[in-house]
Amino acid sequence: MTACGDDATVDTTASTSETSTTDDSTSTSPVTDTTPTTGVPTTTDPTTTTTTTTDTATTDDTTTDAVTTTTSTTDDTTTTTTTDTDTTDTTTDGVGCGDGVIQDPEVCDGAALADQDCVSQGFDSGTLACAADCSAFDISGCVLASCGNGAIEGEESCDGDDLAGQDCVSQGFENGTLTCMANTCVFDVSACFTCGDGNISGPEVCDGTELGGEDCVSQGFEAGELGCAADCSALDTSSCSTCGDNVLGGAEECDGALLGGATCQSQGADFGTLKCAADCGFDLSGCITAVDETEPNDDGMVATGTNDFSADNANGPYTGDTLIKAKITPVGDDDVFAVQNTGDGYATLRLETFGIEGPGTCVSPDTVIDIRSAANVLLATDDQSGINNCSLIPSYPVAPGETVYVRVTDYLDNTVINDYLLDIKLTPVVCGDGLLGFGEQCDDGNVADGDGCDGTCQLEDVIAEIEPNNTNAQSDATGIVATGSALFGGAITPVADVDRWRFDLAAPQFLRLESFTSFSDCAGISTALRLYDSNNVQIIADTGTAGISTCSALVFPVPAGTTYVHLEETGNNAAIMNYFLEAAVLTDAGTETEPNEALAAANLNIQDGSDLLVFGDHSVNADSDYYRIDVPVAGSSLRLEVIEGDRAVETCESNGVDSRVTLYNAMGVELANDDDDGRGFCSLIDGTGSAPLDAGAHNLAAGTYYVQVRASGLAQNGAAGQFIYRLAATVRKP
């Protein structure tokens, strides 16, 4: 306990507010303490009250004034003396705290208490400790004997619920609940707080940048910057984010479909659809910025109805995807743009015109697109395959290093087009991506050799064409001669090119001649097949695409000697960058055996194998012939075609044979049925290819199937229902 004039040590972090009254004179010195666990009671002389308070340790490095008030009371006279003293902050910086050695500005350190104890601090007993930051004594373990009776007396600042009229505000805080420490009767300000002072106190969850060790990750987010609410009552996670939760937050530009109102235009592009990338940043790949054409980009001799093409004045060359904004003005203007493939392999060129409103629109333009060579040779053209009267060339091959020229004109070359867009897309063909492209004979999804498709995406064991081979004589000059089954690879380029392949057969053979884009499939091309003799006389033709999709096929008896198979693009108005021509010699499987009018009596001629040919006699209109065919591998597909038995007697084209063919499963359930899909009035079931003619014959389960050949429903009476025939059966494995 301290008394006026003694030399007792006073804790500089303690705070006491005390009132002493003698006669009719009162002196009150309320002083605020912001340290909740330390304090020193004062000693009162009967005639003089002296309250000494030193500013508490803080962490804001500020300097405050300590106020000492001394009141002497004699009779009714009161004298007050106030002295302002600058006191430097005694807050420690934490350096060395915890090492058990008191170093300036530490008040104590662990068990090192500078020879102080609870008694020296003005208490009766207890255990003195050191605050965790070494800036003050911890008196929470000290005991004041008079404390606890609910009445403030002696050195007590408070007792129980009696707080001497004090609260958190009077103690220098903004809010909170002031209490009294049970054993020391010193104010406990641990539930008091001032939001914004950077210290978490009272009910505060956080304060300013002091977040109690929490961050966005601890709050269940992936990233971002955690903050504190303005009233310190909660953590602010508005700047935290988890990409992919479809909630836009933190530093995210977007999240899923949430783009925050952004568009391609707000990101500086002209057109397109803005997307959100996997990292929640904007994906601008769908945004397009148009480039302006530069005039003049024709021959400068503007005239209506005239080709004003000029390779020298063409804009470009453009070597990748480009959207061009242009005008056809004045009347008769031509716009020419150079497009160059700078890659090592083929590229696919796609061209389309749009209205100025953007890709996908065509309100007013009426355009024509040409693709031309530097010498002004027309390679491809389109008027209005695009939207409304706009133009579209969906696919044109550009060889490595090749430059082609795109010419855009008004439809009749007699009208101004104030604004239009030309969309150029140049896509490299990549071997090994599983997509068949120009210059590729196959693409099996890898670049390994020895699996039928080599590392350059060329079919192995394919006979490559040698140009020129447009005529019999040119075909002879190539030295390529087939004597039986063979697989050829070629291209129809430039437009109107044709290819001929020579066959020298020692004996007559039935051949299946079939064109493809990839083996056993056809997409994106249309072909016609013709057969010529050595005198260049046409023997037969398939111009009706009897093969897969729009590819051609012929099953035909080829005579002994020299013949030529001729392949062309249907219409001779488009290029074909690659095709295959398969010539398969059909194996004679013998003749049908009657009776075979039911599944149970089905003939076994074509039961096993592929590219088999069986001869049948349908001399009775109501006759029906069944054949069993076994599919050895699941996923296989069937091609079944009826042709004439002897062309010298009757032909499919002349309606001498009018057949119907039906496919059944092992239970007799009909899977496919056809009358006239073959040559002339003959029948064809084809389940091969990615878009098969007959889905019921496609992707079959392994097992037994049955084929029925009979007369067409329209030929149950008359000569057309009485014929001899041959049934060609091909099993294509996956």
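A quick note: this is a predicted structure, and the numbers were derived from the prediction, not measured.

Draft legend 1. Main features of the pairing of strand 28 (residues 378-382). Sheet analysis places strand 27 (residues 367-372) next to strand 28, joined by four bridges and oriented antiparallel. Bridging across to strand 28, R372 finds its partner in L378. Hairpin connection between strand 27 and strand 28: a loop of five residues separates the two successive antiparallel strands, and N376 in this loop has a positive phi of roughly 70°.

Draft legend 2. A look at the layout of surface pockets. Each pocket or cavity is described by its volume, and for the second largest pocket that value is around 610 Å³. For the second largest pocket, the lining is made up of 30 residues, of which S395, F438, G524, I525 and A575 are closest to its centre. Where the lining of the second largest pocket is concerned, the elements lending two or more residues are strand 28, strand 29 (392-398) and strand 41 (576-585). Ranked by residues supplied to the lining of the second largest pocket, first place goes to strand 29 with six residues. Considered class by class, the residues forming the lining of the second largest pocket number 17 nonpolar, 10 polar and three charged.

Draft legend 3. Highlighting the sheet that holds strand 39 (residues 553-558). In space, the five strands of this open sheet follow the order 32-34-41-36-39, with mixed pairing throughout. For this open sheet the edge positions go to strand 32 (463-464) and strand 39, each flanked by a neighbour on one side alone. For strand 36 (residues 509-516) and strand 39, the ladder comprises six bridges, and the chain directions are antiparallel. Opposite Q509, over in strand 39, you have V558 as the bridge partner.

Draft legend 4. Structural view of the pairing of strand 44 (residues 624-631). Across the eight residues of strand 44, seven count as buried, placing the element largely inside the fold. Across eight bridges, strand 44 lies against strand 49 (residues 703-711) in antiparallel orientation. Pairing of D630 across the sheet is with T704, part of strand 49.

Draft legend 5. Looking closely at the sheet that holds strand 31 (residues 417-428). Overall, mixed pairing links the five strands, which are arranged 22-24-31-26-29 in an open sheet. Every other strand in the sheet has two partners, leaving strand 22 (291-292) and strand 29 as the edge strands with one partner each. The pairing of strand 26 (residues 347-354) with strand 29 spans five bridges and is antiparallel. Bridging from a neighbouring strand, L351 pairs with I393 of strand 29.

Draft legend 6. Region of interest: the nonpolar core. Formed by 33 residues in total, the largest nonpolar core has its most connected members in F488, F503, L513 and Y579. Counting residues per element, this core draws most heavily on strand 41, at five residues. The contact partners of Y579, leaving out residues within four places of it in the chain, are F488, G489, G490, A491, I492, D499, W501, F516, I525 and L567. Within the second largest apolar cluster, 28 residues are counted, among which are L638, L663, A697 and Y725.

Draft legend 7. Region of interest: the state of the cysteines. Overall, the coordinates contain 16 disulfides when judged by the stated rule. Covalent S-S linkage joins C206 and C228, the inter-sulfur distance amounting to 2.0 Å. Between C206 and C228, the S-S dihedral sits near 85°, and the bridge is therefore right-handed. Here C206, found in the loop between strand 13 (192-193) and strand 14 (223-224), pairs with C228, found in strand 15 (residues 227-228); they are 22 residues apart in sequence, far enough to count as distant. For C206, a relative accessible area of 0% puts it in the buried group. Each sulfur of the disulfide joining C243 and C280 lies 2.0 Å from the other. As the torsion about the S-S bond is roughly 100°, the C243-C280 disulfide counts as right-handed.

Draft legend 8. Expanded view of the environment of T273. Mapped onto the elements, T273 comes out in the loop between strand 18 (271-272) and strand 19 (275-276). In this structure, T273 is in contact with C264, G286 and C287, ignoring residues within four places of it in sequence.

Analysis parameters
Residues numbered from 1 in each chain as written. Predicted model: local features only at pLDDT ≥ 70, side-chain atom pairs only at ≥ 80, totals over all residues. Heavy atoms only, no water. Pairing = 2+ DSSP bridges. Helix = DSSP H or I, 4+ residues; strand = E, 2+ residues; numbered from the N terminus. 1 Å grid on protein atoms, 1.4 Å probe; cavity = no way out; pocket = protein on both sides within 12 Å on 5 of 7 lines; lining within 4 Å. Points joined across faces, edges and corners; volume = space filled by probe spheres on them. Nonpolar A, V, L, I, M, F, W, Y, C, P; charged D, E, K, R; others polar. Buried < 20%, exposed > 50% of the residue type's maximum accessible area, 1.4 Å probe, protein only. Core = buried A, V, L, I, M, F, W, Y, C linked by side-chain atoms within 4.5 Å. Contact = heavy atoms within 4.5 Å. Disulfide = S-S within 2.5 Å.

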